[in-house]
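Here's the letter readout for the chains.
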There are 4 protein chains.
Amino acid sequence: MSDAFRFAAEIRVRLPETDAFGVCYHGSFFTYFDVARMDYMRAIGLMDALKAGRASNLIAHTSADFKSPAGFDDLLTVRARVAELGSTSFTFEFRVERKEDGALVAVGRSVHVTVDGATRRPVPLPAELREAVRRAEGPSLKERS
Amino acid sequence: MSDAFRFAAEIRVRLPETDAFGVCYHGSFFTYFDVARMDYMRAIGLMDALKAGRASNLIAHTSADFKSPAGFDDLLTVRARVAELGSTSFTFEFRVERKEDGALVAVGRSVHVTVDGATRRPVPLPAELREAVRRAEGPSLKERS
Amino acid sequence: MSDAFRFAAEIRVRLPETDAFGVCYHGSFFTYFDVARMDYMRAIGLMDALKAGRASNLIAHTSADFKSPAGFDDLLTVRARVAELGSTSFTFEFRVERKEDGALVAVGRSVHVTVDGATRRPVPLPAELREAVRRAEGPSLKERS
Amino acid sequence: MSDAFRFAAEIRVRLPETDAFGVCYHGSFFTYFDVARMDYMRAIGLMDALKAGRASNLIAHTSADFKSPAGFDDLLTVRARVAELGSTSFTFEFRVERKEDGALVAVGRSVHVTVDGATRRPVPLPAELREAVRRAEGPSLKERS
(Lines give C-alpha, C1' and ligand atoms only; values in the text may rest on other atoms or scores of the structure.)
Protein backbone atom coordinates (compact mmCIF):
# COMPACT_ATOMS: atom_id res chain seq x y z
CA MET A 1 0.00 0.00 0.00
CA SER A 2 2.65 2.49 1.06
CA ASP A 3 4.48 1.60 -2.19
CA ALA A 4 2.28 4.17 -3.88
CA PHE A 5 3.79 6.91 -1.70
CA ARG A 6 7.13 8.19 -2.93
CA PHE A 7 7.32 11.01 -0.39
CA ALA A 8 7.27 11.07 3.40
CA ALA A 9 7.83 13.64 6.13
CA GLU A 10 9.04 12.70 9.61
CA ILE A 11 7.14 14.44 12.37
CA ARG A 12 7.57 14.00 16.10
CA VAL A 13 4.42 14.43 18.24
CA ARG A 14 4.78 17.59 20.34
CA LEU A 15 3.37 17.97 23.84
CA PRO A 16 0.75 20.62 22.87
CA GLU A 17 -0.44 18.27 20.11
CA THR A 18 -1.49 15.67 22.70
CA ASP A 19 -4.62 15.84 24.84
CA ALA A 20 -5.86 14.91 28.29
CA PHE A 21 -6.72 11.40 27.07
CA GLY A 22 -2.97 10.87 26.88
CA VAL A 23 -2.69 10.58 23.10
CA CYS A 24 -2.11 12.75 20.07
CA TYR A 25 -5.26 14.88 19.61
CA HIS A 26 -7.10 13.81 16.46
CA GLY A 27 -7.16 17.36 15.05
CA SER A 28 -3.34 17.46 15.14
CA PHE A 29 -3.27 15.09 12.18
CA PHE A 30 -4.64 17.82 9.92
CA THR A 31 -1.59 19.88 10.88
CA TYR A 32 0.62 16.90 10.05
CA PHE A 33 -1.09 16.54 6.68
CA ASP A 34 -0.39 20.24 6.10
CA VAL A 35 3.29 19.88 6.97
CA ALA A 36 3.65 16.85 4.68
CA ARG A 37 1.79 18.68 1.88
CA MET A 38 4.11 21.68 2.12
CA ASP A 39 7.20 19.46 2.29
CA TYR A 40 5.91 17.64 -0.79
CA MET A 41 5.41 20.94 -2.63
CA ARG A 42 8.94 21.96 -1.69
CA ALA A 43 10.32 18.56 -2.76
CA ILE A 44 8.77 18.77 -6.23
CA GLY A 45 9.93 22.36 -6.70
CA LEU A 46 6.56 24.10 -6.29
CA MET A 47 7.10 26.06 -3.07
CA ASP A 48 8.29 29.19 -4.88
CA ALA A 49 5.25 29.08 -7.16
CA LEU A 50 3.02 28.65 -4.12
CA LYS A 51 4.57 31.59 -2.27
CA ALA A 52 4.50 33.76 -5.39
CA GLY A 53 0.79 33.03 -5.86
CA ARG A 54 1.25 31.06 -9.08
CA ALA A 55 -0.28 27.95 -7.49
CA SER A 56 -2.80 29.52 -5.12
CA ASN A 57 -5.38 27.04 -3.92
CA LEU A 58 -8.16 26.69 -1.40
CA ILE A 59 -8.84 23.54 0.55
CA ALA A 60 -12.35 22.32 -0.30
CA HIS A 61 -12.47 19.07 1.63
CA THR A 62 -10.43 17.01 4.04
CA SER A 63 -10.99 13.80 5.97
CA ALA A 64 -9.13 11.39 8.21
CA ASP A 65 -9.63 7.86 9.51
CA PHE A 66 -7.96 7.08 12.79
CA LYS A 67 -6.57 3.54 13.08
CA SER A 68 -4.49 3.48 16.26
CA PRO A 69 -3.35 6.15 18.72
CA ALA A 70 -0.02 7.97 18.61
CA GLY A 71 1.56 9.18 21.82
CA PHE A 72 3.68 12.09 23.00
CA ASP A 73 7.16 12.07 21.45
CA ASP A 74 6.29 9.32 18.95
CA LEU A 75 8.08 9.71 15.67
CA LEU A 76 5.61 9.51 12.78
CA THR A 77 6.16 8.84 9.11
CA VAL A 78 3.63 10.97 7.24
CA ARG A 79 3.43 9.78 3.63
CA ALA A 80 1.88 12.09 1.05
CA ARG A 81 1.07 11.86 -2.61
CA VAL A 82 -1.09 13.61 -5.16
CA ALA A 83 -3.48 10.88 -6.25
CA GLU A 84 -5.54 12.81 -8.75
CA LEU A 85 -5.45 15.94 -10.92
CA GLY A 86 -8.77 17.42 -12.02
CA SER A 87 -9.36 20.40 -14.27
CA THR A 88 -9.35 22.94 -11.43
CA SER A 89 -8.52 20.75 -8.45
CA PHE A 90 -6.03 18.24 -7.09
CA THR A 91 -6.31 15.55 -4.43
CA PHE A 92 -3.75 14.60 -1.81
CA GLU A 93 -3.70 11.30 0.07
CA PHE A 94 -1.91 10.76 3.36
CA ARG A 95 -0.84 7.74 5.37
CA VAL A 96 0.59 8.12 8.88
CA GLU A 97 2.65 5.32 10.42
CA ARG A 98 4.45 5.11 13.75
CA LYS A 99 8.09 4.89 12.73
CA GLU A 100 9.20 2.59 15.53
CA ASP A 101 6.97 -0.34 14.61
CA GLY A 102 5.33 0.68 11.34
CA ALA A 103 1.85 0.60 12.94
CA LEU A 104 -0.78 2.37 10.84
CA VAL A 105 -1.98 5.41 12.80
CA ALA A 106 -4.19 7.30 10.35
CA VAL A 107 -5.04 7.82 6.71
CA GLY A 108 -6.38 11.00 5.18
CA ARG A 109 -7.25 12.95 2.10
CA SER A 110 -7.59 16.58 1.04
CA VAL A 111 -9.01 18.24 -2.07
CA HIS A 112 -7.70 21.61 -3.21
CA VAL A 113 -9.14 23.97 -5.80
CA THR A 114 -6.71 26.16 -7.72
CA VAL A 115 -7.87 29.76 -7.68
CA ASP A 116 -6.98 33.16 -8.99
CA GLY A 117 -5.02 34.82 -6.19
CA ALA A 118 -7.07 38.01 -6.42
CA THR A 119 -10.63 36.90 -7.15
CA ARG A 120 -10.49 33.49 -5.38
CA ARG A 121 -12.37 32.05 -8.38
CA PRO A 122 -11.39 28.57 -9.66
CA VAL A 123 -8.86 28.56 -12.47
CA PRO A 124 -7.43 25.67 -14.51
CA LEU A 125 -4.52 23.86 -12.85
CA PRO A 126 -1.34 25.79 -13.71
CA ALA A 127 0.83 23.85 -16.19
CA GLU A 128 3.74 24.26 -13.76
CA LEU A 129 1.83 22.35 -11.08
CA ARG A 130 0.46 19.70 -13.45
CA GLU A 131 3.89 18.92 -14.83
CA ALA A 132 5.69 18.87 -11.49
CA VAL A 133 3.12 16.45 -10.07
CA ARG A 134 3.28 14.23 -13.18
CA ARG A 135 7.04 13.98 -12.84
CA ALA A 136 6.74 13.18 -9.13
CA GLU A 137 3.94 10.62 -9.31
CA GLY A 138 4.48 8.84 -12.60
CA PRO A 139 1.85 6.53 -14.08
CA SER A 140 -0.10 5.95 -10.82
CA LEU A 141 -1.47 9.50 -11.10
CA LYS A 142 -5.10 9.78 -12.20
CA GLU A 143 -5.98 12.71 -14.44
CA ARG A 144 -9.38 14.02 -15.34
CA SER A 145 -9.87 16.87 -17.72
CA MET B 1 -31.48 22.29 6.22
CA SER B 2 -30.44 23.75 9.56
CA ASP B 3 -33.91 22.84 10.82
CA ALA B 4 -32.53 19.41 11.54
CA PHE B 5 -30.11 20.92 14.07
CA ARG B 6 -31.64 21.60 17.46
CA PHE B 7 -28.35 22.53 19.08
CA ALA B 8 -25.77 25.22 18.31
CA ALA B 9 -22.65 26.62 19.96
CA GLU B 10 -21.43 30.16 19.36
CA ILE B 11 -17.71 30.38 18.77
CA ARG B 12 -15.68 33.47 17.97
CA VAL B 13 -12.61 32.97 15.74
CA ARG B 14 -9.48 33.60 17.81
CA LEU B 15 -6.29 35.12 16.41
CA PRO B 16 -4.19 31.92 16.80
CA GLU B 17 -6.91 30.05 14.88
CA THR B 18 -6.29 32.19 11.78
CA ASP B 19 -3.37 31.76 9.39
CA ALA B 20 -1.09 33.82 7.18
CA PHE B 21 -3.63 33.65 4.34
CA GLY B 22 -5.74 35.97 6.50
CA VAL B 23 -8.55 33.52 7.26
CA CYS B 24 -9.52 30.94 9.84
CA TYR B 25 -7.15 27.97 9.36
CA HIS B 26 -9.07 24.96 8.03
CA GLY B 27 -7.83 22.68 10.81
CA SER B 28 -9.41 25.00 13.41
CA PHE B 29 -12.84 23.74 12.37
CA PHE B 30 -12.10 20.34 13.89
CA THR B 31 -11.56 22.15 17.19
CA TYR B 32 -14.89 23.94 16.70
CA PHE B 33 -16.60 20.61 16.00
CA ASP B 34 -15.08 19.32 19.24
CA VAL B 35 -16.32 22.30 21.24
CA ALA B 36 -19.83 21.92 19.79
CA ARG B 37 -19.78 18.16 20.44
CA MET B 38 -18.84 18.68 24.08
CA ASP B 39 -21.42 21.44 24.51
CA TYR B 40 -23.99 19.08 22.98
CA MET B 41 -23.01 16.31 25.39
CA ARG B 42 -23.34 18.76 28.29
CA ALA B 43 -26.70 20.01 27.00
CA ILE B 44 -28.20 16.51 26.83
CA GLY B 45 -26.84 15.62 30.27
CA LEU B 46 -24.05 13.28 29.20
CA MET B 47 -20.96 15.22 30.29
CA ASP B 48 -20.81 13.56 33.71
CA ALA B 49 -21.05 10.12 32.10
CA LEU B 50 -18.29 11.11 29.67
CA LYS B 51 -15.98 12.35 32.43
CA ALA B 52 -16.73 9.30 34.60
CA GLY B 53 -15.82 6.99 31.70
CA ARG B 54 -19.36 5.66 31.25
CA ALA B 55 -19.50 6.96 27.68
CA SER B 56 -15.86 6.59 26.62
CA ASN B 57 -15.43 6.76 22.88
CA LEU B 58 -12.73 7.01 20.27
CA ILE B 59 -13.03 9.10 17.13
CA ALA B 60 -12.78 6.79 14.11
CA HIS B 61 -13.40 9.26 11.30
CA THR B 62 -13.93 12.93 10.67
CA SER B 63 -14.33 15.10 7.60
CA ALA B 64 -15.12 18.67 6.64
CA ASP B 65 -16.16 20.54 3.52
CA PHE B 66 -15.19 24.18 3.37
CA LYS B 67 -17.74 26.45 1.70
CA SER B 68 -16.59 30.02 2.38
CA PRO B 69 -13.85 31.53 4.54
CA ALA B 70 -14.30 32.82 8.09
CA GLY B 71 -12.13 35.65 9.33
CA PHE B 72 -10.53 36.75 12.59
CA ASP B 73 -13.11 37.76 15.21
CA ASP B 74 -16.03 36.40 13.17
CA LEU B 75 -18.79 34.98 15.33
CA LEU B 76 -19.72 31.49 14.14
CA THR B 77 -22.81 29.42 14.79
CA VAL B 78 -21.67 25.81 15.02
CA ARG B 79 -24.68 23.51 14.78
CA ALA B 80 -24.32 19.92 15.96
CA ARG B 81 -26.54 16.87 16.01
CA VAL B 82 -26.22 13.15 16.36
CA ALA B 83 -27.53 11.89 13.05
CA GLU B 84 -27.12 8.17 13.59
CA LEU B 85 -26.71 5.58 16.33
CA GLY B 86 -25.10 2.25 15.43
CA SER B 87 -24.55 -0.75 17.66
CA THR B 88 -21.12 0.41 18.86
CA SER B 89 -20.83 3.81 17.23
CA PHE B 90 -22.54 7.16 16.80
CA THR B 91 -22.27 9.84 14.13
CA PHE B 92 -22.22 13.60 14.61
CA GLU B 93 -22.98 16.13 11.89
CA PHE B 94 -21.91 19.77 11.99
CA ARG B 95 -22.86 22.91 10.14
CA VAL B 96 -20.94 26.16 10.62
CA GLU B 97 -22.50 29.48 9.66
CA ARG B 98 -21.23 33.02 10.02
CA LYS B 99 -23.63 34.55 12.48
CA GLU B 100 -23.63 38.04 10.99
CA ASP B 101 -25.04 37.06 7.59
CA GLY B 102 -25.87 33.37 7.92
CA ALA B 103 -23.31 32.45 5.22
CA LEU B 104 -22.48 28.75 5.18
CA VAL B 105 -18.84 28.36 6.16
CA ALA B 106 -18.34 24.61 6.55
CA VAL B 107 -20.07 21.31 7.11
CA GLY B 108 -18.58 18.29 8.83
CA ARG B 109 -19.08 14.88 10.28
CA SER B 110 -17.44 12.64 12.88
CA VAL B 111 -17.88 8.98 13.77
CA HIS B 112 -17.19 7.77 17.30
CA VAL B 113 -16.85 4.20 18.57
CA THR B 114 -17.89 3.54 22.16
CA VAL B 115 -15.18 1.62 23.97
CA ASP B 116 -14.40 0.03 27.27
CA GLY B 117 -12.41 2.63 29.19
CA ALA B 118 -9.73 0.11 30.17
CA THR B 119 -9.31 -2.15 27.15
CA ARG B 120 -10.24 0.39 24.43
CA ARG B 121 -12.27 -2.41 22.76
CA PRO B 122 -15.64 -1.50 21.18
CA VAL B 123 -18.64 -1.99 23.44
CA PRO B 124 -22.37 -1.59 22.75
CA LEU B 125 -23.64 1.98 23.04
CA PRO B 126 -24.46 2.61 26.71
CA ALA B 127 -28.23 2.83 27.27
CA GLU B 128 -27.65 6.18 28.99
CA LEU B 129 -26.18 7.62 25.78
CA ARG B 130 -28.75 6.03 23.47
CA GLU B 131 -31.65 7.36 25.48
CA ALA B 132 -30.27 10.86 25.94
CA VAL B 133 -29.64 11.17 22.21
CA ARG B 134 -33.11 9.81 21.35
CA ARG B 135 -34.70 12.42 23.62
CA ALA B 136 -32.58 15.17 22.06
CA GLU B 137 -33.00 14.25 18.41
CA GLY B 138 -36.50 12.86 18.17
CA PRO B 139 -37.69 11.00 15.08
CA SER B 140 -35.02 12.37 12.70
CA LEU B 141 -32.45 10.11 14.38
CA LYS B 142 -31.43 7.03 12.40
CA GLU B 143 -30.78 3.88 14.38
CA ARG B 144 -29.07 0.71 13.25
CA SER B 145 -28.71 -2.30 15.45
CA MET C 1 -6.26 41.80 44.25
CA SER C 2 -8.84 41.02 41.60
CA ASP C 3 -10.56 44.27 42.61
CA ALA C 4 -8.19 46.02 40.26
CA PHE C 5 -9.67 44.06 37.34
CA ARG C 6 -12.93 45.51 36.03
CA PHE C 7 -13.09 43.17 33.04
CA ALA C 8 -13.20 39.38 32.73
CA ALA C 9 -13.75 36.84 29.97
CA GLU C 10 -15.12 33.36 30.63
CA ILE C 11 -13.26 30.64 28.80
CA ARG C 12 -13.84 26.91 28.97
CA VAL C 13 -10.77 24.67 28.53
CA ARG C 14 -11.09 22.78 25.22
CA LEU C 15 -9.79 19.26 24.68
CA PRO C 16 -7.03 20.28 22.20
CA GLU C 17 -5.84 22.83 24.77
CA THR C 18 -4.99 20.05 27.23
CA ASP C 19 -1.93 17.81 27.02
CA ALA C 20 -0.87 14.26 27.79
CA PHE C 21 -0.11 15.21 31.41
CA GLY C 22 -3.87 15.53 31.80
CA VAL C 23 -4.02 19.29 32.32
CA CYS C 24 -4.40 22.48 30.33
CA TYR C 25 -1.15 22.93 28.37
CA HIS C 26 0.77 25.94 29.70
CA GLY C 27 1.04 27.54 26.27
CA SER C 28 -2.76 27.63 26.00
CA PHE C 29 -2.83 30.44 28.55
CA PHE C 30 -1.27 32.81 26.02
CA THR C 31 -4.25 32.11 23.79
CA TYR C 32 -6.57 32.83 26.72
CA PHE C 33 -4.73 36.12 27.38
CA ASP C 34 -5.27 36.95 23.70
CA VAL C 35 -8.99 36.21 23.87
CA ALA C 36 -9.37 38.33 27.00
CA ARG C 37 -7.33 41.15 25.45
CA MET C 38 -9.54 41.19 22.35
CA ASP C 39 -12.73 41.01 24.43
CA TYR C 40 -11.39 43.92 26.50
CA MET C 41 -10.68 45.95 23.35
CA ARG C 42 -14.20 45.21 22.12
CA ALA C 43 -15.69 46.13 25.52
CA ILE C 44 -13.99 49.54 25.61
CA GLY C 45 -14.97 50.26 22.00
CA LEU C 46 -11.57 49.84 20.37
CA MET C 47 -12.14 46.77 18.18
CA ASP C 48 -13.12 48.82 15.13
CA ALA C 49 -10.02 50.98 15.51
CA LEU C 50 -7.91 47.81 15.83
CA LYS C 51 -9.40 46.23 12.72
CA ALA C 52 -9.13 49.47 10.77
CA GLY C 53 -5.44 49.73 11.66
CA ARG C 54 -5.86 52.84 13.82
CA ALA C 55 -4.53 51.00 16.89
CA SER C 56 -2.03 48.62 15.27
CA ASN C 57 0.39 47.17 17.76
CA LEU C 58 3.06 44.51 18.06
CA ILE C 59 3.55 42.35 21.11
CA ALA C 60 7.02 42.98 22.52
CA HIS C 61 6.93 40.84 25.64
CA THR C 62 4.72 38.39 27.46
CA SER C 63 5.06 36.23 30.55
CA ALA C 64 3.02 33.94 32.74
CA ASP C 65 3.32 32.40 36.19
CA PHE C 66 1.49 29.13 36.69
CA LYS C 67 -0.05 28.69 40.14
CA SER C 68 -2.26 25.60 39.92
CA PRO C 69 -3.37 23.35 37.06
CA ALA C 70 -6.62 23.72 35.11
CA GLY C 71 -8.27 20.66 33.64
CA PHE C 72 -10.31 19.75 30.57
CA ASP C 73 -13.73 21.44 30.57
CA ASP C 74 -12.87 23.72 33.50
CA LEU C 75 -14.53 27.09 33.25
CA LEU C 76 -11.96 29.86 33.74
CA THR C 77 -12.38 33.51 34.61
CA VAL C 78 -9.70 35.41 32.73
CA ARG C 79 -9.41 38.90 34.14
CA ALA C 80 -7.67 41.58 32.08
CA ARG C 81 -6.73 45.18 32.57
CA VAL C 82 -4.41 47.74 31.06
CA ALA C 83 -2.09 48.56 33.95
CA GLU C 84 0.15 51.09 32.26
CA LEU C 85 0.28 53.44 29.28
CA GLY C 86 3.71 54.52 28.00
CA SER C 87 4.48 56.93 25.19
CA THR C 88 4.49 54.24 22.48
CA SER C 89 3.44 51.16 24.46
CA PHE C 90 0.80 49.75 26.78
CA THR C 91 0.87 46.93 29.29
CA PHE C 92 -1.83 44.34 29.96
CA GLU C 93 -2.09 42.27 33.13
CA PHE C 94 -4.03 39.01 33.40
CA ARG C 95 -5.31 36.87 36.22
CA VAL C 96 -6.85 33.45 35.58
CA GLU C 97 -9.08 31.82 38.18
CA ARG C 98 -11.02 28.57 38.09
CA LYS C 99 -14.61 29.71 38.25
CA GLU C 100 -15.91 26.82 40.32
CA ASP C 101 -13.78 27.47 43.40
CA GLY C 102 -11.97 30.73 42.64
CA ALA C 103 -8.57 28.99 42.74
CA LEU C 104 -5.79 31.08 41.23
CA VAL C 105 -4.55 29.27 38.12
CA ALA C 106 -2.16 31.75 36.48
CA VAL C 107 -1.15 35.38 36.24
CA GLY C 108 0.38 37.05 33.22
CA ARG C 109 1.45 40.20 31.49
CA SER C 110 1.97 41.47 27.96
CA VAL C 111 3.59 44.62 26.57
CA HIS C 112 2.47 46.04 23.23
CA VAL C 113 4.10 48.70 21.09
CA THR C 114 1.82 50.85 18.93
CA VAL C 115 3.12 50.97 15.38
CA ASP C 116 2.43 52.53 12.04
CA GLY C 117 0.43 49.94 10.12
CA ALA C 118 2.62 50.28 7.03
CA THR C 119 6.16 50.79 8.34
CA ARG C 120 5.81 48.81 11.61
CA ARG C 121 7.75 51.65 13.32
CA PRO C 122 6.68 52.73 16.83
CA VAL C 123 4.26 55.65 16.93
CA PRO C 124 2.79 57.57 19.89
CA LEU C 125 -0.26 55.92 21.47
CA PRO C 126 -3.32 57.03 19.47
CA ALA C 127 -5.46 59.46 21.50
CA GLU C 128 -8.45 57.17 20.80
CA LEU C 129 -6.72 54.30 22.62
CA ARG C 130 -5.37 56.42 25.47
CA GLU C 131 -8.77 57.92 26.20
CA ALA C 132 -10.71 54.67 25.97
CA VAL C 133 -8.30 52.99 28.40
CA ARG C 134 -8.42 55.94 30.80
CA ARG C 135 -12.21 55.75 30.87
CA ALA C 136 -12.07 51.98 31.45
CA GLU C 137 -9.38 51.88 34.12
CA GLY C 138 -9.87 55.07 36.10
CA PRO C 139 -7.28 56.30 38.59
CA SER C 140 -5.50 52.94 39.05
CA LEU C 141 -3.97 53.37 35.56
CA LYS C 142 -0.28 54.36 35.50
CA GLU C 143 0.79 56.73 32.76
CA ARG C 144 4.29 57.58 31.62
CA SER C 145 5.02 60.09 28.94
CA MET D 1 25.89 35.64 22.87
CA SER D 2 24.79 32.44 21.16
CA ASP D 3 28.19 30.99 22.14
CA ALA D 4 26.62 30.11 25.47
CA PHE D 5 24.16 27.81 23.69
CA ARG D 6 25.58 24.41 22.83
CA PHE D 7 22.26 22.98 21.67
CA ALA D 8 19.83 24.03 18.95
CA ALA D 9 16.68 22.61 17.33
CA GLU D 10 15.66 23.48 13.77
CA ILE D 11 11.97 24.24 13.44
CA ARG D 12 10.10 25.31 10.33
CA VAL D 13 7.10 27.63 10.85
CA ARG D 14 3.91 25.72 9.97
CA LEU D 15 0.85 27.35 8.44
CA PRO D 16 -1.40 26.85 11.53
CA GLU D 17 1.31 28.53 13.61
CA THR D 18 0.91 31.79 11.66
CA ASP D 19 -1.92 34.27 12.13
CA ALA D 20 -4.02 36.71 10.11
CA PHE D 21 -1.38 39.42 10.57
CA GLY D 22 0.73 37.33 8.21
CA VAL D 23 3.40 36.30 10.70
CA CYS D 24 4.16 33.52 13.15
CA TYR D 25 1.69 33.91 16.05
CA HIS D 26 3.53 34.98 19.20
CA GLY D 27 2.11 32.10 21.25
CA SER D 28 3.67 29.59 18.84
CA PHE D 29 7.08 30.41 20.28
CA PHE D 30 6.13 28.70 23.55
CA THR D 31 5.56 25.54 21.52
CA TYR D 32 8.96 26.01 19.89
CA PHE D 33 10.56 26.43 23.32
CA ASP D 34 8.86 23.18 24.34
CA VAL D 35 10.15 21.31 21.31
CA ALA D 36 13.70 22.59 21.92
CA ARG D 37 13.46 21.71 25.62
CA MET D 38 12.41 18.15 24.83
CA ASP D 39 15.09 17.78 22.15
CA TYR D 40 17.62 19.06 24.69
CA MET D 41 16.44 16.52 27.28
CA ARG D 42 16.75 13.78 24.66
CA ALA D 43 20.21 15.01 23.62
CA ILE D 44 21.57 14.89 27.19
CA GLY D 45 20.05 11.45 27.80
CA LEU D 46 17.21 12.48 30.11
CA MET D 47 14.16 11.64 27.97
CA ASP D 48 13.82 8.12 29.42
CA ALA D 49 13.96 9.52 32.97
CA LEU D 50 11.36 12.12 32.02
CA LYS D 51 9.00 9.54 30.52
CA ALA D 52 9.53 7.16 33.45
CA GLY D 53 8.64 9.95 35.90
CA ARG D 54 12.14 10.15 37.42
CA ALA D 55 12.46 13.80 36.34
CA SER D 56 8.85 14.97 36.63
CA ASN D 57 8.56 18.72 36.68
CA LEU D 58 5.98 21.48 36.47
CA ILE D 59 6.49 24.72 34.60
CA ALA D 60 6.26 27.61 37.08
CA HIS D 61 7.07 30.54 34.83
CA THR D 62 7.79 31.37 31.22
CA SER D 63 8.40 34.56 29.28
CA ALA D 64 9.37 35.70 25.82
CA ASP D 65 10.61 38.90 24.19
CA PHE D 66 9.78 39.31 20.53
CA LYS D 67 12.50 41.01 18.47
CA SER D 68 11.47 40.59 14.83
CA PRO D 69 8.71 38.66 13.06
CA ALA D 70 9.07 35.18 11.58
CA GLY D 71 6.97 34.19 8.58
CA PHE D 72 5.29 31.09 7.21
CA ASP D 73 7.81 28.43 6.15
CA ASP D 74 10.76 30.27 7.75
CA LEU D 75 13.37 27.91 9.12
CA LEU D 76 14.21 28.85 12.71
CA THR D 77 17.18 27.94 14.86
CA VAL D 78 15.88 27.53 18.40
CA ARG D 79 18.81 27.50 20.82
CA ALA D 80 18.25 26.12 24.32
CA ARG D 81 20.35 25.79 27.44
CA VAL D 82 19.86 25.21 31.12
CA ALA D 83 21.25 28.39 32.66
CA GLU D 84 20.66 27.62 36.31
CA LEU D 85 20.04 24.75 38.71
CA GLY D 86 18.33 25.52 42.02
CA SER D 87 17.57 23.12 44.84
CA THR D 88 14.13 22.11 43.49
CA SER D 89 14.06 23.98 40.17
CA PHE D 90 15.92 24.55 36.92
CA THR D 91 15.87 27.40 34.42
CA PHE D 92 15.96 27.15 30.63
CA GLU D 93 16.92 30.00 28.32
CA PHE D 94 16.00 30.16 24.63
CA ARG D 95 17.14 32.17 21.66
CA VAL D 96 15.34 31.97 18.32
CA GLU D 97 17.07 33.07 15.11
CA ARG D 98 15.91 32.98 11.51
CA LYS D 99 18.31 30.52 9.91
CA GLU D 100 18.52 32.23 6.53
CA ASP D 101 19.99 35.50 7.78
CA GLY D 102 20.67 34.91 11.48
CA ALA D 103 18.18 37.65 12.48
CA LEU D 104 17.20 37.51 16.14
CA VAL D 105 13.49 36.64 16.32
CA ALA D 106 12.84 36.04 20.02
CA VAL D 107 14.42 35.21 23.34
CA GLY D 108 12.73 33.36 26.18
CA ARG D 109 13.02 31.68 29.52
CA SER D 110 11.20 29.01 31.51
CA VAL D 111 11.46 27.88 35.13
CA HIS D 112 10.58 24.30 36.09
CA VAL D 113 10.06 22.82 39.54
CA THR D 114 10.92 19.15 40.03
CA VAL D 115 8.06 17.35 41.72
CA ASP D 116 7.09 13.97 43.08
CA GLY D 117 5.13 12.31 40.28
CA ALA D 118 2.31 11.29 42.64
CA THR D 119 1.91 14.19 45.06
CA ARG D 120 3.06 17.02 42.73
CA ARG D 121 5.05 18.42 45.70
CA PRO D 122 8.51 19.91 45.04
CA VAL D 123 11.42 17.50 45.51
CA PRO D 124 15.17 18.06 45.28
CA LEU D 125 16.58 17.94 41.74
CA PRO D 126 17.28 14.29 40.93
CA ALA D 127 21.04 13.59 40.82
CA GLU D 128 20.53 12.09 37.34
CA LEU D 129 19.23 15.45 36.06
CA ARG D 130 21.82 17.56 37.89
CA GLU D 131 24.70 15.52 36.53
CA ALA D 132 23.43 15.32 32.97
CA VAL D 133 22.98 19.10 32.86
CA ARG D 134 26.42 19.72 34.40
CA ARG D 135 28.02 17.57 31.73
CA ALA D 136 26.07 19.37 29.00
CA GLU D 137 26.60 22.94 30.17
CA GLY D 138 30.06 22.95 31.73
CA PRO D 139 31.30 25.88 33.82
CA SER D 140 28.78 28.46 32.49
CA LEU D 141 26.05 26.72 34.53
CA LYS D 142 24.97 28.56 37.70
CA GLU D 143 24.10 26.40 40.70
CA ARG D 144 22.32 27.40 43.87
CA SER D 145 21.74 25.05 46.71
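Quick caveat: nothing in here was measured; it's all calculated off a predicted structure.

Please set out the relation of the copies chain B and chain A residue by residue, giving values where relevant.
When chain B is brought onto chain A, the operation consists of a screw motion whose angular component is 180° and whose axial shift is 0.0 Å, with 0.0 Å RMSD remaining. The transformation relating the two chain copies, once decomposed into turn and shift, fits a two-fold axis. Distance from the rotation axis, computed per C-alpha, reaches its smallest value in chain B at S63(B): 2.0 Å. Of the residues that chain B buries at the interface, 100% are likewise interface residues in chain A, meaning the two copies contact each other through the same surface.

Describe the interface of chain D and chain B, listing the residues and the values that go with them.
Each partner contributes to the interface: chain D provides nine residues, whereas chain B provides nine residues. For the pair chain D and chain B, the summed buried surface comes to about 820 Å²; carbon and sulfur atoms form 78% of the total. Of all residues in chain D, L15(D), P16(D) and A20(D) bury the most surface against chain B, accounting for 52% of the area lost on that side. Between chain D and chain B we count zero salt bridges in total. Taken together, the connections running from chain D to chain B amount to four residue pairs in polar contact (both at pLDDT 80 or more).

Lay out the relation of the copies chain D and chain B with the relevant residues and their values.
Its rotation angle being 180°, the transformation that places chain D on chain B also includes 0.0 Å of axial translation and leaves an RMSD of 0.0 Å. Mapped onto chain B, 100% of the interface residues of chain D again fall at the interface, so both copies present the same surface.

So what about the pattern of salt bridges? Which residues, and what values?
By the definition in use, this model includes 68 salt bridges over all chains. For the salt bridge of E143(B) with R130(B), the shortest nitrogen-to-oxygen distance reads 2.7 Å. Here the residue E143(B) occupies a position in strand 6 (residues 142–143), and R130(B) occupies one in helix 3 (residues 127–137), the gap between them amounting to 13 residues. Classification of E143(B) by relative accessible area gives partly exposed; the value is 36%. E17(D) is the salt-bridge partner of R14(D), the closest N and O atoms lying 3.8 Å from each other. Take R14(D) and E17(D): they sit in the same class, and that class is buried.

Cut-offs and rules
- Residues numbered from 1 in each chain as written.
- Chains lettered and ligands numbered in written order.
- Predicted model: local features only at pLDDT ≥ 70, side-chain atom pairs only at ≥ 80, totals over all residues.
- Heavy atoms only, no water.
- Least-squares fit on C-alpha atoms with pLDDT ≥ 70 in both.
- Contact = heavy atoms within 4.5 Å.
- Buried area = accessible area lost by both parts, 1.4 Å probe.
- Salt bridge = Lys/Arg side-chain N within 4 Å of Asp/Glu carboxyl O.
- Polar contact = N/O pair within 3.5 Å; in protein donor to acceptor, adjacent residues only side chain to side chain.
- Helix = DSSP H or I, 4+ residues; strand = E, 2+ residues; numbered from the N terminus.
- Buried < 20%, exposed > 50% of the residue type's maximum accessible area, 1.4 Å probe, protein only.

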